[in-house]
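Survey of secondary and tertiary structure
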Amino acid sequence: MKFGKEFSSQMVPEWHEAYMDYEYLKSLLKDITKFKRKNNPHGQHLRRKSTVYRTFSGLLSKSGRRRHPHGLKTAPILVHSASHGYETTFLMAAEAGGEYETVFFRRLDDEFNKVEKFYKEKVDEVMKDAVMLNKQMDALIAFRVKVEHPDGWPWKERTVEMTRSSSTGKSDEDEHDDDDDKEKEEEKVVYDTAASDTSRLSAARPSPIEVLDRVKINNTKETPRSTIKSVLKPSNPELKFSRYNLKRVEEKLRRAFVEFYHKLRLLKSYSFLNVLAFSKILKKYDKVSKRNATKSYMKMVDNSYLGGSDEVIRLMERVEAMFIKHFTNANRTKGMNILRPKAKRERHRITFSTGFLGGCMFSLVVALFAIIRTRNILQEEGQKQYMNTMFPLYSLFGFIVLHILMYAANIYYWTRYRVNYSFIFGFKQGTELRYRQVLLVGFSIGVLALLCVIANLDMDVDPETNDYKGLTELLPLILLIGLFIVLVLPFNIFYRSSRLFFLTCLFHCLAAPLYKVTLPDFLLGDQLTSQVQALRSVQFYICHYGWGDYKLRQNTCTDSDTYNAFLFIVAVVPYVCRLLQCLRRLFEEKNAEQGYNGIKYFLTIVAVCLRTAYSVDKDNQFVWRMLAGIFSAIAAIFCTYWDLVLDWGLLNRTSKNRWLRDKLLIPQKKVYFIAMILNVLLRFAWVQTVLDFNFSFMHKQTMVAVVASLEIIRRGIWNFFRLENEHLNNVGKYRAFKTVPLPFNYDEDDDKDN
């Protein structure tokens, strides 16, 4: 792999613009090469011939030294520091083509100064974070001592000894004297690397237990109970020295250290990659120009803050020592596995299983159509009965599989265009699913559902099993119960972390507005708004099997007023959840945009209710049709504008890409216009439910399933561009780290905020 591609592949996506622009500098070198070829067309031919002969002469040469041309003896540049950074003077600007090389070094200086400035800013940020984490560790150590020694602690003991005892549970008599110096070294605080802050913070550091007098536990409002209590009686919780609270504090601080260490690793990688890129581009310059500029320029790079600073490396070493001692009981292997989780490797069995199940699913679809066609199973009499009873049961699995396949396609294209979906969703590092794994889940469900359909049809035709109609219709219920059991299994199988993440987000959606709204929560809420027909299928399951219709193979659910009432409730639940999430964000963020977003969902709720009333109430069809059409049109226009302008960031007239964004990940601009047109067309798929478009070759239930599938496809397209826009916003603000809430809050921090 060429260095340019390797350099791009190893970049932190959110910092892409802060890296050295390697490709542009290569283009400047190409300009130098073109000029030299233009002005010396025969030189290249002669040099190639002499190179061939020198190769043979080198075999017979007794000296191991390489003979350089005369021009390589003297450095052609002079690098010095200036007020705005480093500046390079090209000493041979008077030569032919010197202006091209002068432009190259000017741009090289601009790139280096940009990289070094960004690196300094990020190092300053992590130093401030280190100071805060050190204060958090002081509070944690004191908290541990208070929990493990509630009767008091000998105040004459040193901080190092107290920390050792609280973390290992051993007394001083059990320790050897020769370990004392080692413990002192390990107990150096993280912020010792920030030389300007060390003396001031060390002098002001209070006695170990006295730290707790100035500390409160942060209330992060992570539970409905804490949210309700904060609204009814806002107050800061007092410190309760219990092992439960200690475990919670340790878990939060553990996550904070892991994320902080991840920042340091990214900064170290950023420094290394850029220094390597400057070395590579200068070597290319020497090769093109036949000069020797690399040594002089790289000497400056190595002595600069970017190449010569070791704060990040020393800070990493101390974070490792502190984390291993306090969070893994001095088990280095365990600690480093947590700090540096290994990247998941694609397994061949996943690829094979995905392809195998995909082929099975395709074959079963073909077999299903062949069985229906050859045996003429769905005759005129049986078709209506089957479509009204069995089809709604099996269509649920079709909606689920289609949504999973769209999600797998999204992951594939997010990965291809370097959208950092794992960071945006907040997946735990190393647990995110790749597109093959998601496809494996979708194909597995699809194969099981198709097997149930074929088995059900086959048992209906077979005279020996035809008498057991009640039992044959239990197949979809058994499959649904099986999938639900797998979803909620607490065991570490079948992608437990992903299942737990999904269930957590689902519970947060249903419990809105009692939880703080995060991006995964409201994105899942948006997915549920596109699965209204699937939710109604679940309602049909409850009615069909709960009321015993499956025994008689009939559908009496639609004749029940209770069932029809729940058609309204089930349809609006996802929209109500999103509305409550918007209100929660409006209350917390004071952002008027969330209020308008809430109005969008309110209009959609009204439109959905009116369309449902039109389909249920047969007496006032004209009135319901008019009202449903008007409100559905208003809601669709509002939602379409919101999709294109706010969620996708498109339709920007002043953009350099007219009607699009300034930054685009897909090079083909027509893709965005096609996506916008499809979004508008699929948004208005509800027209069928109001105008009653019917086709002679298509049953009403089939039409409902097609419209629902179109909405799922629209949502899949929406997902890609929504996350692309979110990714570009993170890139614009250089946000590459998760914000981890810290467990303790110091009184002086409150004073600063005030």
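For every chain, the first residue of its written sequence is number 1, and the numbers climb from 1 along that sequence. Note on the predicted model: pLDDT of at least 70 is required for a residue's local features to be given, and 80 or more for side-chain atom pairs to be given and counted; whole-chain, interface and lining totals, by contrast, use all residues. Side-chain calculation: all heavy atoms of the structure are included, whereas hydrogens and water are not.

Glancing now at a nonpolar patch on the surface. Surface patches are defined over residues having more than 30% relative accessible area and no salt bridge, joining like charges when they lie within 9 Å and nonpolar side chains (Val, Leu, Ile, Met, Phe, Trp, Tyr) when within 5 Å. Note on areas: Shrake-Rupley, 1.4 Å probe, and residue coverage restricted to the protein chains presented here. Each reported salt bridge corresponds to a side-chain nitrogen of Lys or Arg within 4 Å of a carboxyl oxygen of Asp or Glu. On the surface, a cluster of nonpolar side chains totalling about 560 Å² of accessible area is made up of Phe 622, Val 623, Met 626, Leu 627, Ile 630 and Ile 634. Note on exposure labels: buried denotes an accessible area under 20% of the residue type's maximum, exposed denotes more than 50%, and partly exposed covers the range between, all computed with a 1.4 Å probe on protein chains only. Among the residues examined, Ile 634 registers a relative accessible area of 40% and is labelled partly exposed.

Take a positive patch on the surface next. In this tally, Asp and Glu contribute negative charge and Lys and Arg positive charge; neither His nor the terminal groups of the chain are included. Charged side chains are reduced to one point each, which is NZ for Lys, CZ for Arg, CG for Asp and CD for Glu. Residues Lys 2, Lys 5, Lys 30, Lys 34, Lys 280, Lys 283, Lys 284, Lys 287 and Lys 290 make up a contiguous surface patch of positive charge. Here a helix means four or more residues in a row that DSSP labels H or I, a strand means two or more in a row labelled E, and each is numbered from the N terminus. If you list the elements that add at least two residues to the positive patch, you get helix H2 (22-39) and helix H9 (243-289). It is H9 that contributes the most residues to the positive patch, four residues altogether. Structurally, the position occupied by Lys 287 is in helix H9.

Time to look at the pairing of strand E1 (residues 77-82). The criterion for strand pairing is that DSSP finds at least two bridges linking the strands in question. Bridge analysis of E1 against strand E2 (residues 85-90) gives six bridges, and the strand direction is antiparallel. Looking at the pairing, Ala 82 lines up with Gly 85 of E2. With antiparallel pairing between neighbouring strands as the criterion, E1 and E2 make up a hairpin whose turn holds two residues.

Moving on, we come to the pattern of salt bridges. Following the criterion strictly, the structure yields 24 salt bridges and no others. Ionic pairing is found between Glu 588 and Lys 516, a salt bridge with its closest N-O pair at 3.4 Å. Placement of Glu 588 in helix H24 (residues 561-589) and of Lys 516 in the loop between helix H20 (496-510) and helix H21 (519-529) is noted, with a sequence separation of 72 residues between them. By relative accessible area, which is 45% here, Lys 516 ends up partly exposed. Connected via shared salt-bridge partners are Asp 21, Arg 107, Glu 111 and Lys 114.

As a further point, take the packing of aromatic side chains. Between 30 and 60 degrees the pair is tilted, below 30 it is stacked and above 60 it is edge-to-face, where a pair is any two Phe, Tyr or Trp rings, Trp via its six-membered ring, whose centres lie within 6.5 Å. Tallying each qualifying case throughout the model produces 36 aromatic pairs. Centroid distance Tyr 407 to Trp 414: 6.4 Å. Interplanar angle 75°. Geometry classified as edge-to-face. By relative accessible area, Tyr 407 is classed as partly exposed at 27%. What makes Trp 414 buried here is its relative accessible area of 2%.

The step from Ala 512 to Pro 513 runs through a cis peptide bond, and the omega angle for that step is 10°. When you line up the elements, Pro 513 lands in the loop between H20 and H21. The backbone of Lys 290 sits at a positive phi, close to 60°, despite the residue not being glycine. Tracing the chain through its elements places Lys 290 in the loop between H9 and helix H10 (294-303). Taking relative accessible area as the criterion, Lys 290 reaches 46% and is therefore assigned partly exposed. Residue Arg 418 is not a glycine yet carries a positive backbone phi of 60°.

Summing up the model confidence of the protein chain, the mean pLDDT is 83 and the portion of residues at 70 or higher is 80%. Confidence of the predictor at the level of single residues is captured by pLDDT, which takes values from 0 to 100. Note on definitions: a residue-residue contact is assigned when non-hydrogen atoms from the two residues lie within 4.5 Å. In this model, residues 44-72 is a region of pLDDT below 50 whose contacts with residues beyond four sequence positions or in other chains number seven contacts. Predicted confidence for residues 155-207 stays below pLDDT 50, and this span has 74 contacts to residues more than four positions away or in other chains.

With that settled, consider the state of the cysteines. The rule for a disulfide is simple: a pair of cysteine sulfur atoms within 2.5 Å. Taken as a whole and assessed by the stated rule, the structure comprises one disulfide. The residue that forms a disulfide with Cys 543 is Cys 557, at a sulfur-sulfur distance of 1.8 Å. Its S-S torsion of about -110° marks the bond between Cys 543 and Cys 557 as left-handed, since a negative value means left-handed. Note that Cys 543 is positioned in helix H22 (residues 532-546) and Cys 557 in the loop between helix H23 (549-552) and H24, a separation of 14 residues in sequence. Neither residue differs from the other here; Cys 543 and Cys 557 are each classed as buried.

So, about helix H25 (residues 592-616). Taking 1.5 Å per residue as the helical rise, H25 with its 25 residues ought to reach 36 Å, and the 37 Å between its terminal C-alpha atoms agrees with that figure. The distance from a side-chain oxygen at the start of H25 to the backbone nitrogen of Glu 593 is 3.1 Å, and the residue carrying that oxygen is Asn 591. Helix span, expected: 1.5 Å multiplied by one less than the number of residues in the helix. Whenever a nitrogen or oxygen atom comes within 3.5 Å of another N or O atom, the pair is scored as a polar contact, on the condition that within protein one atom can donate a hydrogen and the other can accept it, and that pairs from neighbouring residues in sequence are kept only if both atoms are in side chains.

Okay, the side chain of His 544 next. For His 544, the location among the structural elements is in helix H22. The class of His 544 is buried, set by a relative accessible area of 0%. When neighbours within four sequence positions are excluded, His 544 is seen to be in contact with Thr 389, Leu 393, Glu 473, Asp 549, Tyr 550, Gln 554 and Cys 557.

Below, the discussion takes up the environment of Lys 263. Residue placement: Lys 263 occurs in helix H9. For Lys 263, a relative accessible area of 15% translates into the label buried. For the pair Lys 263 and Lys 738, spaced 475 residues apart in the sequence, the C-alpha separation amounts to 9.6 Å.

Only buried residues count toward a nonpolar core. Its members are Ala, Val, Leu, Ile, Met, Phe, Trp, Tyr and Cys residues joined through side-chain atoms within 4.5 Å. With 76 residues, the main nonpolar core has Trp 15, Phe 104, Phe 105, Leu 108, Phe 257 and Ile 281 as its most contacted residues. Counting residues per element, this core draws most heavily on helix H4 (residues 98-148), at 19 residues. Ile 445, Val 447, Val 453 and Tyr 563 belong to the second largest nonpolar core, which has 67 residues in total.

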